[in-house]
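Structural overview for review
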Amino acid sequence: MTSYHYPVLRSEVLSLLEDRQIKIFVDGTLGAGGHAEAILSAHPVVEQYIGIDQDTQALEIAGDRLKSWGEKVSYHHGNFVEVIPTLKGSIDGILLDLGVSSMQLDRAERGFSFAKEGPLDMRMNRDKPLTAEEIVNTWSVSDLGRIFRDYGEEKQWRAAAHAIVEARKEERITTTTQLSEVLRGVVRKKKGKSIHPHTLIFQGLRICVNSELEVVQDVLPICVEKLKVGGCLAVITFHSLEDRIVKKMFRQMASDKHDTSGFGGVFLDKEPLVTDLTRRPIISSEGEMEENPRSRSAKLRAVEKL
Ligand SMILES: C[S@@+](CC[C@H](N)C(=O)[O-])C[C@H]1O[C@@H](n2cnc3c(N)ncnc32)[C@H](O)[C@@H]1O
């Protein structure tokens, strides 16, 4: 029997959905189908489980894992920001478990990890043209710096960008380990932080390649529009940049205050669209954090459509 990865915040997601009648559910980040399996098992009344992923390898793995649910589950290849607007029907719940999967991180050939030699790729959707290799070898020093600063929150963003531009004059940078070599001694370990010194540079590149922040910002209002009244939207994030977007947009949608002037004037002229189900983000239990270190940075927030 294949053993599959345990999904992050599994029981917390199930608790949020408990006591809800779920007939149509949208899983915008199907991945290896872990949450799907849990939700389908806990909600036998599900009629349609709509699984979306921009990675065909993920859809294959999920297809295998979920085969016993037959035609209840449908599989859609594409970005959730493009697929969700096309969905019809009265949707009872949506889950977005953002970011990359362990499968993507573990497979060297996908190029997400500095710990494994692989091509500098980092595309979740391999039909898209932009790779990390292209960015690293052709973007200007200021654009590279901006990615490392804004998407990586790397303090040594300037030095990293300059080192890359110097190194590529000698030779094209094509692999993850080559990039790591260029960064060695330039981007150093942060005081008091246990993460590898190159983590944030790789994170910045990945977020840029996959436009990760832009799609989250765009998809949240679309999800709320597509939900039926009483339907639930749950989002799991793995870093503060994403979490900040989700927190801010959920607050705005739950508020009756709308800045129509654009100059900071506040008018009470808007009905709230949602109610916040998680004033504080839900985080993993200590047991989960111990078992799965990646879950340490996971935050779950949810709203219900009014
Ligand atoms: C953290 S994993 C999801 C794991 C999944 N919940 C499970 O239980 O196995 C994230 C998955 O979402 C996909 N993904 C990330 N952003 C996406 C987007 N904008 N559109 C579609 N799929 C996306 C990734 O390719 C990856 O397979």
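We now turn to the structure provided with this report.

Conventions and cut-offs
- Residues numbered from 1 in each chain as written.
- Predicted model: local features only at pLDDT ≥ 70, side-chain atom pairs only at ≥ 80, totals over all residues.
- Heavy atoms only, no water.
- Phe/Tyr/Trp six-rings, centres within 6.5 Å; stacked < 30°, edge-to-face > 60°.
- Helix = DSSP H or I, 4+ residues; strand = E, 2+ residues; numbered from the N terminus.
- Buried < 20%, exposed > 50% of the residue type's maximum accessible area, 1.4 Å probe, protein only.
- Lys NZ or Arg CZ within 6 Å of the ring centre and 35° of its normal.
- Near = heavy atom within 4 Å.
- Polar contact = N/O pair within 3.5 Å; in protein donor to acceptor, adjacent residues only side chain to side chain.
- Areas by Shrake-Rupley, 256 points an atom, 1.4 Å probe, with all protein chains shown as cover.
- Core = buried A, V, L, I, M, F, W, Y, C linked by side-chain atoms within 4.5 Å.
- Domains from an automatic or database assignment.
- Pairing = 2+ DSSP bridges.
- Axes fitted to C-alpha atoms, helices over the stretch in contact; angles between N-to-C directions.
- Parallel < 35°, antiparallel > 145°, perpendicular 65-115°, else oblique.
- Left-handed = near helix turned anticlockwise from the far one by under 90°.
- Contact = heavy atoms within 4.5 Å.
- Nonpolar A, V, L, I, M, F, W, Y, C, P; charged D, E, K, R; others polar.
- Salt bridge = Lys/Arg side-chain N within 4 Å of Asp/Glu carboxyl O.

1. Describing the packing of aromatic side chains
- Using the criterion set out here, one finds two aromatic pairs in the structure.
- With 5.4 Å between their ring centres and 25 degrees between their planes, Phe25 and Tyr49 make a pair best called stacked. Of the two residues, Phe25 sits in strand 1 (residues 24-27) while Tyr49 sits in strand 2 (residues 48-53), which places them 24 residues apart along the sequence. Of the two residues, Phe25 and Tyr49, neither departs from the other in class, the shared state being buried.
- For the pair Phe114 and Phe202, a centre-to-centre distance of 5.3 Å together with 80 degrees between the ring planes defines the contact as edge-to-face. Note that Phe114 is positioned in the loop between helix 5 (102-106) and helix 6 (132-138) and Phe202 in helix 10 (residues 199-209), a separation of 88 residues in sequence.
- We note Arg294 situated over the ring of Phe238; from NZ or CZ to the ring centre the distance is 4.3 Å.

2. Re the site of the ligand
- Around the ligand, the surrounding shell holds 24 residues, and the nearest of these are His35, Asp53, Phe80, Asp97 and Gln104.
- Here an oxygen atom of the ligand and a backbone polar atom of Ala32 are 3.0 Å apart.
- With respect to the ligand, the side chain of His35 contributes an N or O atom lying 2.8 Å from a nitrogen atom.
- In isolation the ligand has 610 Å² of accessible area, and contact with the protein removes 94% of it.

3. A look at the environment of Ser11
- Structurally, the position occupied by Ser11 is in helix 1 (residues 10-17).
- Sequence separation between Ser11 and Leu95 is 84 residues; the distance between their C-alpha atoms is 14 Å.
- In terms of polar contacts, Ser11 uses its side chain to reach the side chain of Glu12, at 3.3 Å.

4. Some points on the nonpolar core
- The biggest cluster of nonpolar side chains holds 60 residues, and the ones touching the most others in it are Phe80, Leu96, Phe148, Ile164, Leu179, Leu220 and Leu233.
- In terms of residues, this core owes the most to one element, helix 11 (residues 212-226), which gives seven residues.
- Structurally, this core is a two-domain feature, drawing no fewer than three residues from each of domain 1 (10-103 + 213-305) and domain 2 (126-209).
- Among the nonpolar cores identified, the runner-up in size contains 27 residues, and Leu30, Ile39, Leu59 and Val73 belong to it.

5. Observations regarding the environment of Leu105
- Examined against the element boundaries, Leu105 turns out to sit in helix 5.
- Classification of Leu105 by relative accessible area gives partly exposed; the value is 26%.
- As for Leu105 and Met122, which are separated by 17 residues in sequence, their C-alpha atoms are 9.3 Å apart.

6. A few points about the sheet that holds strand 3 (residues 73-77)
- Taken together, seven strands build an open sheet; the order of strands is 3-2-1-4-5-7-6 and the sheet is mixed. Each edge of the open sheet is held by one strand with a lone partner, namely strand 3 and strand 6 (274-276). With strand direction ignored, the average angle separating the axes of adjacent strands in the sheet is 20 degrees.
- Here strand 6 pairs with strand 7 (residues 299-305) via three bridges, running antiparallel.

7. Examining the packing of helix 9 (residues 176-183) against helix 10
- Packing of helix 9 against helix 10 leaves a shortest axis separation of 11 Å and a crossing angle of 130 degrees. Viewed along their axes, helix 9 and helix 10 adopt a mutual orientation that is oblique. For the crossing formed where helix 9 meets helix 10, the hand is right-handed. Touching Thr176, Leu179 and Leu183 of helix 9 are Ile201, Phe202 and Leu205, all from helix 10.
- The residue makeup of the contact of helix 9 with helix 10, split by class, is five nonpolar, one polar and no charged.

8. Section: the pattern of salt bridges
- The final tally for this structure, using the stated rule, is 14 salt bridges.
- Measuring nitrogen to oxygen at the nearest pair gives 2.8 Å for the salt bridge that ties Lys67 to Asp64.
- One salt bridge connects Glu133 with Arg172, and the closest N-O pair in it is separated by 2.8 Å. Taken together, the residues span a long stretch of sequence, with Glu133 in helix 6 and Arg172 in the loop between helix 8 (157-170) and helix 9 at a distance of 39 residues.
- Looking at Arg172, the relative accessible area reads 44%, which means it is partly exposed.

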